[in-house]
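As a plain string of letters, each chain reads:
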Amino acid sequence: MTEKVIIDVDPGIDDSIALIMAMQSRLFDILGITIVSGNVDVHQGAKNASYVTRLFQRKIPIVKGAAKPLKIDYNDATDTHGKDGLGEVIFSQVDDSVNDINAADFIIKKLNEYPGEVTVFALGPLTNLANVIAKDPDALKKAKAIRIMGGAAKVHGNCSPVAEYNFWCDPHSAHIFFKQQYEHVYLYPLDITYKILLSPNHREFLRQINNEISDFIYQITRFYVDFHWREEKTLGCVINDPLVVADVMDNIVDFYRADVDVVTEGIAIGESVVHHHEKGVVRVGYKVDYQKFFDIFFRTIFPEEYEMYKRLVRKEML
Amino acid sequence: MRKVIIDTDPGIDDAIALMTIFKQKDVEVLGLCSVAGNKGIELTTSNASKIANYCQYPGKVYRGLYADIESVLKNEPPRIDKSSVVHGKDGLGDVDFPIDESNIADQSAVDFILETVKNNPHEVDLICLGPLSNIAMCIEKDLETMEKVKSIYTMGGGVHRGNVTPVAEFNYWFDPAAVNITFNKLGPYVPIYMIGLDVTHQVLFDMNEVAFFQFEGGEVGKLIAHMTKPYVETYWQNNKVLGIIIHDLTTVLAYLYPEILPPVKKANVQCVADENIAKGQCIVDFSGRWTKEKNVFVPMEIDVETCKKIFIELLFGKDVLQRYVDHVLTK
């Protein structure tokens, strides 16, 4: 049984790796990739998604959505992801996005077509989902689950001491989304995504695998690695978004229940306020098996190199 | 002040070893002797000269034997170069070093070693990072003087592994006769430490560490990351490890800080000099089956973490070491 998914995304380096994982896994029937302005603007995001799907010769509808946040000025994250969003090595020019529908309508349409069956991965700012809510507040209730990368519960943010980028970029959309109190919402905050560190050792292994996909990941992450060392003295790069995909494949995240709200103004703008209690409606990830993530990562994307991967892990090299 | 002559065949790992020992304050490097090995003598001599220039080393480079000792004694041509891939085309990972060969001396390596030991009896240590051809020639010429060497640290051999053949390590395979002359004739008089592959392979700098050198090691760190690229390929192809092993560096560190070696056993060591499949193998008789006199100290273990810390502090300084501890070691 495959799982129907819509991937709402702003690719982005780690977003692109999430797309690669989802496409390489046999588990997912990807109904569409909806694009939101975030790491890069929606037009570049569509080009990057097109580039990645073409790597796999996959025809998946790519649908553009919101060009800017609901209420505040748009700030991209090209300092982290490069001017082109893919580490300044790809500069994708191809755009396969469809013209006849926008992201919010596409999401509503698919949720109505397959009620109770579709999982929404929200890997960028939540603007497209806020637009869905504006059009039809009940639409997202028909999702099987909504899995969001965003926020920072008990760790520092990456845009301010308290704010993570996706929520900081469009705090109003995030605020509106959590106000709906939907069931089946899973939040993957920085608390756990920080642990998903693609190290120089991993990158060297990718370089040695030496196929089109490994080269792509190796090339686009160079910029990201330099950024992480310069800004955070982290050796390697954090790849947040693929964790969401990997968790659906293999349950590697532990969650607690909480209510979540997002600050929309002042110095705490974009902060996710996580109120941890038993009756909370949102499942917030707090613990992840890092080693299992990379096991899934290599097993899924590079199945023919999986034995070598395990051997390197046994030798404590990865 | 410890006095040392370094016999070397640069070589990427020789280069890193030299950069490191030049930083050690209580060691006086009396001279560099070149020897054929990783590359032919012309290239190893000019490479030694380049590294000396780069490090602003004030001493001289003394040209050594053009080939293994038996070929030299028989006036035969040098061996063909066997290691072009491992060290890049020029032997130094194809890095542009400053060229100024005015630091190459007229005196030969053999004459320089003998004269220096004669003038400083029981004071001069020898660090041998390449084949032992020069040392063996010194012994053949003047054993009495060579008995007054203070100690020898030689990179080579291996008890349980090889790197040119399943059983032979490159330096000793290149000139096995020189190994036997050195170990058998000097062993009774001079403490000889054989830093073999069993030890050097424990000190793997993985790609996280190489990235760290590149980020934090300034010009030298970038140089090392660049220069060792051919090594990364070799160690992946041959050993399936992600990183680099810098044999000669480990040898230099073992000399500088012998406390990183746990108590070391002495054994009788012989190198297979016959032209057969075991050529160059280093046979280490730990259990004394041969009942021959023990001639060489053969360490089998090394304190890897301390070894790396010493290296980083020496080459890059205290601050970089602290960042290494904070951001690499603890993660």
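Cut-offs used in this document
- Residues numbered from 1 in each chain as written.
- Chains lettered and ligands numbered in written order.
- Predicted model: local features only at pLDDT ≥ 70, side-chain atom pairs only at ≥ 80, totals over all residues.
- Heavy atoms only, no water.
- Axes fitted to C-alpha atoms, helices over the stretch in contact; angles between N-to-C directions.
- Helix = DSSP H or I, 4+ residues; strand = E, 2+ residues; numbered from the N terminus.
- Parallel < 35°, antiparallel > 145°, perpendicular 65-115°, else oblique.
- Left-handed = near helix turned anticlockwise from the far one by under 90°.
- Contact = heavy atoms within 4.5 Å.
- Nonpolar A, V, L, I, M, F, W, Y, C, P; charged D, E, K, R; others polar.
- Buried area = accessible area lost by both parts, 1.4 Å probe.
- Salt bridge = Lys/Arg side-chain N within 4 Å of Asp/Glu carboxyl O.
- Phe/Tyr/Trp six-rings, centres within 6.5 Å; stacked < 30°, edge-to-face > 60°.
- pLDDT = per-residue confidence, 0-100.
- Buried < 20%, exposed > 50% of the residue type's maximum accessible area, 1.4 Å probe, protein only.
- Lys, Arg positive; Asp, Glu negative; His and termini not counted.
- Polar contact = N/O pair within 3.5 Å; in protein donor to acceptor, adjacent residues only side chain to side chain.

**Focus on the packing of helix α10 (residues 207-216) of chain B against helix α15 (residues 318-329) of chain B**
Residue and element names in this part refer to chain B.
- Closest axis-to-axis distance for the α10/α15 pair is 11 Å, and the angle between their directions is 135 degrees. The angle between α10 and α15 places the two elements in the oblique class. Relative to α15, α10 is oriented so that their crossing is right-handed. Residues Glu209, Phe212 and Glu216 of α10 form the contact with α15, whose participating residues are Val320, Arg323, Tyr324 and Val328.
- When the residues that make up the contact of α10 with α15 are grouped by side-chain class, the tally is 4 nonpolar, no polar and 3 charged.

**Notes on the interface of chain A and chain B**
- The partner chain B presents 20 residues to the 18 residues of chain A that form the contact.
- In total, about 1700 Å² of surface goes out of reach between chain A and chain B, with carbon and sulfur atoms giving 66% of it.
- Its salt-bridge partner being Arg207(A), residue Glu233(B) comes within 2.2 Å of it at the nearest N-O pair.
- Among the elements of the structure, α9 (200-209), α10 (212-232) and α13 (306-314) of chain A are those that each provide at least two residues to the side of chain A that touches chain B.
- At 6 residues, the largest contribution of residues to the side of chain A that touches chain B is made by α9(A).
- The residue inventory of the side of chain A that touches chain B, partitioned by class, reads 9 nonpolar, 3 polar and 6 charged.

**Digging into the environment of Ile244(B)**
- One can find Ile244(B) in strand β9 (residues 243-245).
- Counting along the chain gives 80 residues from Ile244(B) to Tyr324(B), while the straight-line C-alpha distance between them is 17 Å.

**Concerning the packing of aromatic side chains**
- Within the structure shown, the criterion is met by 38 aromatic pairs over all chains.
- Taking 5.8 Å as the distance between ring centres and 85 degrees as the angle between the ring planes, the aromatic pair formed by Trp229(A) and Phe212(B) counts as edge-to-face. Of the two residues, Trp229(A) is situated in helix α10 and Phe212(B) in helix α10; the pairing between them involves two chains.
- Ring geometry for Phe298(A) and Phe302(A): centres 6.1 Å apart, planes at 40 degrees, overall tilted.

**Focus on the confidence of the model for chain B**
- For chain B, the average pLDDT comes to 94, and 98% of its residues sit at 70 or higher.
- If you check the scores for this complex, the pTM reads 0.90 and the ipTM reads 0.85.

**Remarks on unusual backbone geometry**
- In this model, Pro11(A) is joined to Gly12(A) through a cis peptide bond whose omega is 0 degrees.
- Tracing the sequence through the fold places Gly12(A) in the loop between β1 (3-9) and α1 (13-24).
- Cis rather than trans, the peptide bond between Pro10(B) and Gly11(B) has omega equal to -10 degrees.
- With respect to the helices and strands, Gly11(B) occurs in the loop between β1 (2-8) and α1 (12-21).
- Even without being a glycine, Gln57(A) presents a positive backbone phi close to 50 degrees.

**Some details on the side chain of Asp13(B)**
All names here are of chain B.
- Along the chain, the position of aspartate 13 falls in helix α1.
- Lysine 39 provides the closest opposite charge to the buried, unpaired aspartate 13, separated from it by 12 Å.
- In this structure the side chain of aspartate 13 is engaged in a polar contact, spanning 3.0 Å, whose partner is the side chain of tyrosine 231.
- Not counting residues within four places of it along the chain, the set of residues in contact with aspartate 13 comprises Asn38, His87, Tyr231, Ile246, His247, Asp248 and Leu249.

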